[in-house]
Amino acid sequence: MARRKRTTHASDRIAKAVDKTGDRIVPDDDKVVGPSPNPATNLLIHDILLRGGGRLMRLGLEKGLLRNRYGGSTAKDIVENRTLLQTLGSVVVARVATRSIPGAVVVGGGLLARALLDRRKSRLSAQRKGDKALRKQAKRKK
């Protein structure tokens, strides 16, 4: 049986390459991208920008989805008056769903079960119950 030649990635070859002084050789085209010459600082800056942009986009989408049914100011109040428990609950469920396939299956199954339960109830009573909960959340004082 013939042995297969083991291939290495370019990053492995760069990490192992050294010049005569013993320092790692960095190719000329491997420049640090960002406002700082320190890659750790650039990573921190990019992380903050991505998280902030993602949060702004998420809040905008949530308000937009609610705005059609409840109006602009009520939608804003609904999104901004969430309790700490509601916020932490959604963060934990999203994290569980994105960390593993079994977590995604469990969360997806739970959401499917909730949707089927809501459909089983009369559609009008489920709508009224949801509207009542969201309007109550919108009226809650900060």
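Right, let's walk through the structure included here. This is a predicted model, so every value here is computed, not measured. (Residues numbered from 1 in each chain as written. Predicted model: local features only at pLDDT ≥ 70, side-chain atom pairs only at ≥ 80, totals over all residues. Heavy atoms only, no water.)

**Let's talk about the packing of helix α2 (residues 39-70) against helix α6 (residues 123-139)**
- Axis separation between α2 and α6 bottoms out at 13 Å; the angle between their running directions is 110 degrees. Of the possible angle classes, the one that applies to α2 and α6 is roughly perpendicular. Read as a crossing pair, α2 and α6 show a hand that is left-handed. For the pair α2 and α6, contact is made by L66, R69 and Y70 and by Q127, G130, D131, L134 and R135, respectively. (Axes fitted to C-alpha atoms, helices over the stretch in contact; angles between N-to-C directions. Helix = DSSP H or I, 4+ residues; strand = E, 2+ residues; numbered from the N terminus. Parallel < 35°, antiparallel > 145°, perpendicular 65-115°, else oblique. Left-handed = near helix turned anticlockwise from the far one by under 90°. Contact = heavy atoms within 4.5 Å.)

**Description of the nonpolar core**
- L59, L66, Y70, A75, I78, V79 and A138 together form the largest nonpolar core, which totals seven residues.
- If you list the elements that add at least two residues to this core, you get α2 and α3 (72-80).
- Ignoring sequence-local partners within four residues, the contact set of A138 consists of T74, D77, I78 and N81. (Core = buried A, V, L, I, M, F, W, Y, C linked by side-chain atoms within 4.5 Å. Buried < 20%, exposed > 50% of the residue type's maximum accessible area, 1.4 Å probe, protein only.)

**Some details on the pattern of salt bridges**
- Scanning all chains against the criterion turns up four salt bridges.
- The partner of R82 in a salt bridge is E62, and the shortest N-O contact between them spans 2.3 Å. Separated by 20 residues along the polypeptide, R82 in the loop between α3 and α4 (84-99) and E62 in helix α2 bring together distant segments of the chain.
- The closest approach of N and O atoms between D131 and R69, which form a salt bridge, is 2.8 Å. Placement of the pair is D131 in helix α6 and R69 in helix α2, with a sequence separation of 62 residues.
- Assessed through its relative accessible area of 17%, D131 is described here as buried. (Salt bridge = Lys/Arg side-chain N within 4 Å of Asp/Glu carboxyl O.)

**Here we look at the packing of α2 against α3**
- At their nearest, the axes of α2 and α3 sit 8 Å apart, and the two run at 135 degrees to each other. Judged on the interaxial angle alone, α3 and α2 are oblique. The crossing of α2 and α3 is right-handed. Note on element contacts: α3 touches α2 through G72, T74, A75, K76, I78, V79 and E80, opposite L59, E62, K63, L66, R67 and Y70.
- Taken together, the residues of the contact of α2 with α3 sort by class into six nonpolar, two polar and five charged. (Nonpolar A, V, L, I, M, F, W, Y, C, P; charged D, E, K, R; others polar.)

**Description of α2**
- The terminal C-alpha atoms of α2, which comprises 32 residues, lie 46 Å apart, in line with the 46 Å expected from a rise of 1.5 Å per residue.
- Looking only at α2, the buried set comprises N42, L59, K63, L66 and Y70.
- Looking at the buried residues of α2, the elements they touch are α3 and α6.
- Near the N-terminus of α2, the side chain that reaches the backbone nitrogen of A40, with its oxygen 2.9 Å away, is that of N38.
- Count one or two residues on from α2 and you reach G71, which has phi positive near 90 degrees. (Expected span 1.5 Å × (residues − 1). Polar contact = N/O pair within 3.5 Å; in protein donor to acceptor, adjacent residues only side chain to side chain.)

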